[in-house]
Amino acid sequence: MIPYIKHNWGPYVLELRVDDDLIKTLLDEGNVSRENNLDYREKLAGQIEEEYYYKDYGWFLSAFSSYIETYLEGVNGYTKTNHLGKEAVARQSKVVQEFQSNLKEKIEDLTEGIEVDPSRIAQETVLSNGSWTLENLWINYQKANEYNPPHNHTGDLSFVIYLQVPDEIERENDERAHEHNNEGPGMILFDYGMEMPLSINRIAHMPRTGDAFIFPAWLIHHVYAFKSDVERISVSGNIILR
């Protein structure tokens, strides 16, 4: 065999499994948000009727830190530019933070003396945990015929965690994926660049309970609808690297 080198190319997308305790806590706290109708739809691209923000999510920082550290360690090896990569991310994050700080000051000046709904402030709370900041956290209750169109997120990194995935969705995909020229019902897809010969520009995955993805926030992604009369529950959030 002729020796060769295969170069890494494109964004670093990490697929992993989340432990049961974290899933249970996210479900329990998410149900509290649902009961209190902490509606987050106006901030999101999804065509989903029930999307709610977590009002208090400080506990999530320590629970999810090991997963973020795993991503950061992996991306350093993937890019093979560890020091340069960290410096570039730090510069970008500093610019974003300065912009957000200036914007916050201007908003405070403009809204001085105006009463603000505390729940609207809570959903924008930014919590810090050393090397990264959790910008927001929300839960999605996806039902039949609902979907997420192609979109990206704010921040540096984004993630999705699947808390509850009924078996009916995967069975529907097995039965109907061949009917159209796409990956079939219920899939999550990540797209990078144009579809060209001798290349791969899409990752497609059928989620199962406990699956999670961490990926660059700028990466375009979307979720196909399903027709099964069930409810799939997932959590998403955005992270700023410090």
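Just so it is clear, the model here is predicted, and its values are computed rather than measured.

Trainee: Got a minute to help me understand a nonpolar patch on the surface in this structure?
Mentor: On the surface, Trp9, Tyr192 and Trp218 cluster together into a nonpolar patch covering about 450 Å² of accessible area. Mapped onto the fold, Trp9 is located in the segment before strand 1 (14-17). Trp9 gets classed as exposed once you look at its relative accessible area, which sits at 75%.

Trainee: Which parts of the structure should I look at to understand helix 5 (residues 167-176)?
Mentor: Three or four residues apart is the spacing at which side chains of an α-helix point the same way, because the helix has 3.6 residues per turn. For helix 5, the set of buried residues is Ile169, Glu172 and Asn173. Relative to the axis of helix 5, the buried residues are bounded by an arc of 100° and lie together on one face. Residues Asp167, Asp174 and Glu175 are exposed on helix 5 and point more than 90 degrees away from its buried face. Those residues of helix 5 that are buried lie in contact with strand 11 (232-241).

Trainee: Would you explain the pairing of strand 4 (residues 132-142) in this entry?
Mentor: Every other side chain in a regular strand lies on the same face of the sheet, so the side chains alternate between the two faces. For strand 4, the buried fraction is high: 11 of the 11 residues fall into the buried class. Relative to strand 4, strand 2 (residues 50-53) is paired through four bridges, and the arrangement is antiparallel. Its bridge partner being in strand 4, Tyr52 is matched across the sheet by Ile139. As paired strands, strand 4 and strand 11 are joined by 10 bridges and run antiparallel to one another. Across the sheet, the residue bridging to Leu137 is Gly237, located in strand 11.

Trainee: Hey, could you run me through the pairing of strand 11 in this one?
Mentor: Most of strand 11 sits out of view: 10 of its 10 residues are buried. Burial along strand 11 is two-sided: the face carrying Arg232, Ser234, Ser236, Asn238 and Ile240 and the face carrying Ile233, Val235, Gly237, Ile239 and Leu241 are both buried. By the bridge criterion, seven bridges tie strand 6 (residues 157-164) to strand 11 in an arrangement that is antiparallel. Looking at the pairing, Ser158 lines up with Asn238 of strand 11.

The rules behind these values
For every chain, the first residue of the written sequence is number 1, and numbering continues from 1 onward in sequence order. Selection of residues for local features in this predicted model requires a pLDDT of at least 70, selection of side-chain atom pairs for listing and counting requires 80 or more, and totals for whole chains, interfaces and linings are taken over all residues. Note that water and hydrogens are dropped before the side-chain values are worked out from all heavy atoms of the structure. A patch consists of residues whose relative accessible area exceeds 30% and which take part in no salt bridge; residues with like charges are grouped when within 9 Å of each other, and nonpolar side chains (Val, Leu, Ile, Met, Phe, Trp, Tyr) when within 5 Å. All accessibility values rest on the Shrake-Rupley procedure with a 1.4 Å probe; residue burial counts only the protein chains present in the view. By convention in these notes, a salt bridge is any Lys or Arg side-chain nitrogen within 4 Å of a carboxyl oxygen on Asp or Glu. Working definition: helices are DSSP H or I runs of at least four residues, strands are E runs of at least two. Numbering for both runs from the N terminus. A 1.4 Å probe rolled over the protein chains alone gives each residue an accessible area, and that area as a share of the maximum for its type sets the label: buried under 20%, exposed over 50%, partly exposed in between. Read the arc as the range of directions from the helix axis to the C-beta atoms. Residue contacts are counted whenever heavy atoms from the two residues lie within 4.5 Å of one another. Each pair of strands is called paired provided DSSP finds at least two bridges between the two strands.

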